[in-house]
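# Coordinate analysis (summary)
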Amino acid sequence: MSERVFQTLIILAAVGSGVMGGLFFAFSTSVMPALGRIAPGGGIAAMQAVNVVIQNPVFFIAFFGPALLSLVLAAAALLGWHGGGSLAIYAGAAFYLIGIIAVTVVFNVPMNNALMAVDPVSGEGASFWTNYLSNWTAWNHVRTVAGIAACVSYILALR
């Protein structure tokens, strides 16, 4: 792999990580607090709609693209294709793969699936919503920090 291609992949991983960190930041700082301010039935229905709409090709490319780049970059660094920045590449890959992909799969997606089964206007739904808001948002904060940390790590790998 040429150095130019390797540098381009690092830049793409940094940008992709930053985009995902920014998306999660927007949810943590505005979307979820806004949904928490409306009646539980409305918040549940809105989040259920978000969880359906977000499953689209553009999101999947933005979400899984940096994961794939992280795997490629870490493997390339392991094979010695980028000496000085290898530790930063490993860090960026770990932040993205663990802090975003693993957290999403282990925590956020199961919570989203459980929310999809809730009747927005039921008493059970209102109780579920309160726990969902705090737990989902807490794990989303982790994804936010991980995305930003991955972005910074990849930028440092360019030095």
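The text that follows walks through the structure, step by step, so that each part is easy to find. Bear in mind the structure is a predicted one, so any value in this text is a computation, not a measurement.

Calculation notes
Residues numbered from 1 in each chain as written. Predicted model: local features only at pLDDT ≥ 70, side-chain atom pairs only at ≥ 80, totals over all residues. Heavy atoms only, no water. Helix = DSSP H or I, 4+ residues; strand = E, 2+ residues; numbered from the N terminus. Buried < 20%, exposed > 50% of the residue type's maximum accessible area, 1.4 Å probe, protein only. Patch = residues over 30% accessible without salt bridge, like charges linked within 9 Å, V, L, I, M, F, W, Y side chains within 5 Å. Areas by Shrake-Rupley, 256 points an atom, 1.4 Å probe, with all protein chains shown as cover. Salt bridge = Lys/Arg side-chain N within 4 Å of Asp/Glu carboxyl O. Axes fitted to C-alpha atoms, helices over the stretch in contact; angles between N-to-C directions. Parallel < 35°, antiparallel > 145°, perpendicular 65-115°, else oblique. Left-handed = near helix turned anticlockwise from the far one by under 90°. Contact = heavy atoms within 4.5 Å. Nonpolar A, V, L, I, M, F, W, Y, C, P; charged D, E, K, R; others polar. Expected span 1.5 Å × (residues − 1). Bend = angle between axes of the 7 residues up to and from the residue. 1 Å grid on protein atoms, 1.4 Å probe; cavity = no way out; pocket = protein on both sides within 12 Å on 5 of 7 lines; lining within 4 Å. Points joined across faces, edges and corners; volume = space filled by probe spheres on them. Core = buried A, V, L, I, M, F, W, Y, C linked by side-chain atoms within 4.5 Å.

## Quick look at the overall build of the protein chain
Assigned secondary structure in the protein chain consists of five helices and zero strands. Each helix and strand of the protein chain, placed in order from N terminus to C terminus, yields the pattern α-α-α-α-α. Across its three principal directions, the C-alpha atoms of the protein chain cover 60 × 25 × 20 Å. Buried positions account for 40% of the 159 residues belonging to the protein chain.

## Looking at a nonpolar patch on the surface
A contiguous nonpolar surface patch, about 310 Å² in accessible area, is contributed by I11, V15, V19 and L158. You can see V19 is positioned in helix 1 (residues 3–37).

## Remarks on the packing of helix 1 against helix 3 (residues 57–78)
What describes two packed helices is the angle between their axes and the distance between those same axes. Running from N to C, helix 1 and helix 3 point in directions that differ by 140°, and their axes come no closer than 9 Å. By the criterion of interaxial angle, the relationship of helix 1 to helix 3 is oblique. Between helix 1 and helix 3 the crossing geometry is left-handed. Within the contact between the two elements, helix 1 uses F6, L9, I10, L12, A13, G16, S17, M20, L23 and F24 and helix 3 uses F59, A62, F63, P66, L69, V72, L73, A76 and A77. Its residues placed into classes, the contact of helix 1 with helix 3 shows 17 nonpolar, two polar and no charged.

## Focus on helix 1
Between its first and last C-alpha atoms helix 1 spans 50 Å; for 35 residues at 1.5 Å apiece the expected length is 51 Å, and the two agree. Along helix 1, the sharpest kink reaches roughly 45°, centred on F27.

## What to know about the packing of helix 1 against helix 2 (residues 40–53)
Packing of helix 1 against helix 2 leaves a shortest axis separation of 8 Å and a crossing angle of 135°. Here helix 1 is positioned oblique relative to helix 2, judged by the angle of their axes. Contacts between helix 1 and helix 2 involve F27, M32 and L35 from the first element and G43, A46, M47 and V50 from the second. Class assignment for the residues of the contact of helix 1 with helix 2 results in six nonpolar, one polar and no charged.

## Points about the side chain of N112
The topology assignment puts N112 in helix 4 (residues 86–116). Exposure remark for N112: the relative accessible area of 13% places this residue in the buried category. If we ignore the near neighbours within four places in the chain, the residues touching N112 are M47, N51, Y132 and W136.

## Concerning the layout of surface pockets
Here the largest pocket is characterised by a volume of approximately 430 Å³. Every residue lining the largest pocket is counted, 21 residues in all, and those nearest its centre are I54, F59, T104, V109 and N112. Among the elements that take part in the lining of the largest pocket, helix 4 stands out by supplying seven residues, more than any other. Residue composition of the lining of the largest pocket, by class: 14 nonpolar, six polar and one charged.

## Points about the nonpolar core
Counting residues in each nonpolar core, the largest one holds 24 residues, and the members touching the most others are F63, L73, I89, Y96 and Y154. Looking at this core, the elements with two or more residues in it are helix 1, helix 3, helix 4 and helix 5 (123–157). If we skip the residues at most four places from it in the chain, L73 touches F6, L9, I10, A13, I89 and Y154. Ranked by size, the runner-up nonpolar core spans twelve residues in total, among them I44, M47, L115 and W136.

## Remarks on the environment of M116
Mapping M116 onto the fold places it in helix 4. When its relative accessible area of 38% is taken as the criterion, M116 is described as partly exposed. Expressed as a C-alpha distance, the spacing of M116 and Q48, which sit 68 residues apart in the sequence, is 5.9 Å. Once residues within four sequence positions are removed from consideration, M116 is found in contact with Q48, N51 and V52.

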